[in-house]
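Here is what each chain is made of, one letter per residue.
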Amino acid sequence: MQHWELDAREQIRDLVARYNANGDSGRLDEVVALFAPDATLQLDSGVYRGRAEIRAMFEGAVAQTRSEPGGYIRHCTATHQIDLVDANDARGRAYFQVLTPSGLDHWGRYLDRYSRAEGVWRFQVRTVRVDGRLPGGWADRTEARLRAAE
């Protein structure tokens, strides 16, 4: 493995960790900066294109979280696989679990496309696939709210 490959993999791992930590803490400027300007975020509730739409989706999720008893959410990522296409493009997959004050709320997979511009790796496409959820939990309530807003 060449040095650039090790560097790319570590930067991409850091990107995914910052997505979780910043999103869970409601630091939306930091979360949005992790996406390329023309990025796409695909959720079960809809597709969000560009930083403005992605930010609006996160604003709603943060508001929902803060309105909940206990008011926190924690994403845990595991089995992160990274496939480097070249020095500026990569693909990734990871499992996630989400904890709330009630315990395990939902779980699934991230399917990612990463791109590097000006030396910085960002999400180009992030697809979130929820494989399971606690009935009536945070994810159920948030998805219902997002669908009602459409």
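In case you missed it, the structure is sitting above this.
The structure displayed is predicted, hence computed values, not measured ones.

## With respect to the pairing of strand β5 (residues 103-117)
With 12 bridges connecting them, strand β4 (residues 89-100) and β5 associate as antiparallel partners. Bridging from a neighbouring strand, R91 pairs with R113 of β5. Where β4 folds back onto β5 in an antiparallel hairpin, the turn is made up of two residues. As paired elements, β5 and strand β6 (residues 120-133) share 12 bridges and run antiparallel to each other. Note that in β6 the partner of G108 across the bridge is V130. What sits between β5 and β6 in their antiparallel hairpin is a turn of two residues, with E118 showing a positive phi close to 55 degrees.

## Thoughts on the environment of I12
Residue placement: I12 occurs in helix α1 (residues 3-25). Overall, the relative accessible area of 0% leaves I12 in the buried class. In the structure, I12 is positioned 40 residues away from A52 in sequence and 23 Å away in space, judged by C-alpha atoms. Among residues more than four places away in sequence, those in contact with I12 are H80, I82, L84, A90, Y114 and W121.

## As for the pattern of salt bridges
Evaluated as defined, the whole model comprises nine salt bridges. Residue R18 pairs with D14 through a salt bridge whose shortest N-O separation is 2.6 Å. One end of the pair, R18, and the other, D14, are both in helix α1, four residues apart, so they sit about a helical turn from each other. A relative accessible area of 33% means that D14 is categorised as partly exposed. For the salt bridge of D29 with R55, the shortest nitrogen-to-oxygen distance reads 2.8 Å. Linking D29 in helix α2 (residues 28-33) with R55 in helix α3 (residues 50-67), this pair joins segments that are 26 residues apart in sequence. For R55, a relative accessible area of 27% gives the class partly exposed. Connected through salt bridges with shared partners, the residues D29, R55 and E59 form a single ionic network.

## Some remarks on α3
Across its 18 residues, α3 extends 26 Å between first and last C-alpha, which sits within 8% of the 26 Å expected from 1.5 Å per residue. For α3, the complete set of buried residues consists of G50, I54, M57, F58, G60, A61, V62, Q64 and T65.

## Structural notes on the nonpolar core
For soluble globular proteins, nonpolar side chains are generally found buried alongside one another. Ranked by size, the top nonpolar core spans 33 residues in total, and within it Y19, F35, L41, F58, Y114 and F123 carry the most contacts. Sequence-distant contacts of F58, defined by excluding residues within four places in its chain, comprise Y19, L28, V31, F35 and L41.

Thresholds, definitions, all that
Numbers given to residues run from 1 along each chain, matching the order in which its sequence is written. Local features in this predicted model are restricted to residues of pLDDT 70 or higher, and side-chain atom pairs are both shown and tallied only at a pLDDT of 80 or more, whereas totals for entire chains, interfaces and linings draw on every residue. With hydrogens and water stripped out, all remaining heavy atoms of the structure feed into the side-chain values. Note: two strands are recorded as paired if DSSP finds a minimum of 2 bridges between them. Segments assigned H or I by DSSP are reported as helices when at least four residues long, segments assigned E as strands when at least two residues long, and all are numbered from the N terminus. For each residue, the accessible area found with a 1.4 Å probe, counting protein chains only, is set against the maximum for its type, and the residue is called buried under 20%, exposed over 50%, and partly exposed in between. Pairs of residues are marked as contacts when any of their non-hydrogen atoms sit within 4.5 Å. Should a side-chain nitrogen of Lys or Arg be within 4 Å of a carboxyl oxygen of Asp or Glu, the pair is scored as a salt bridge. Every helix has an expected span of 1.5 Å times one less than the residues it contains. In plain words, nonpolar cores are sets of buried Ala, Val, Leu, Ile, Met, Phe, Trp, Tyr and Cys residues tied together by side-chain atoms within 4.5 Å.

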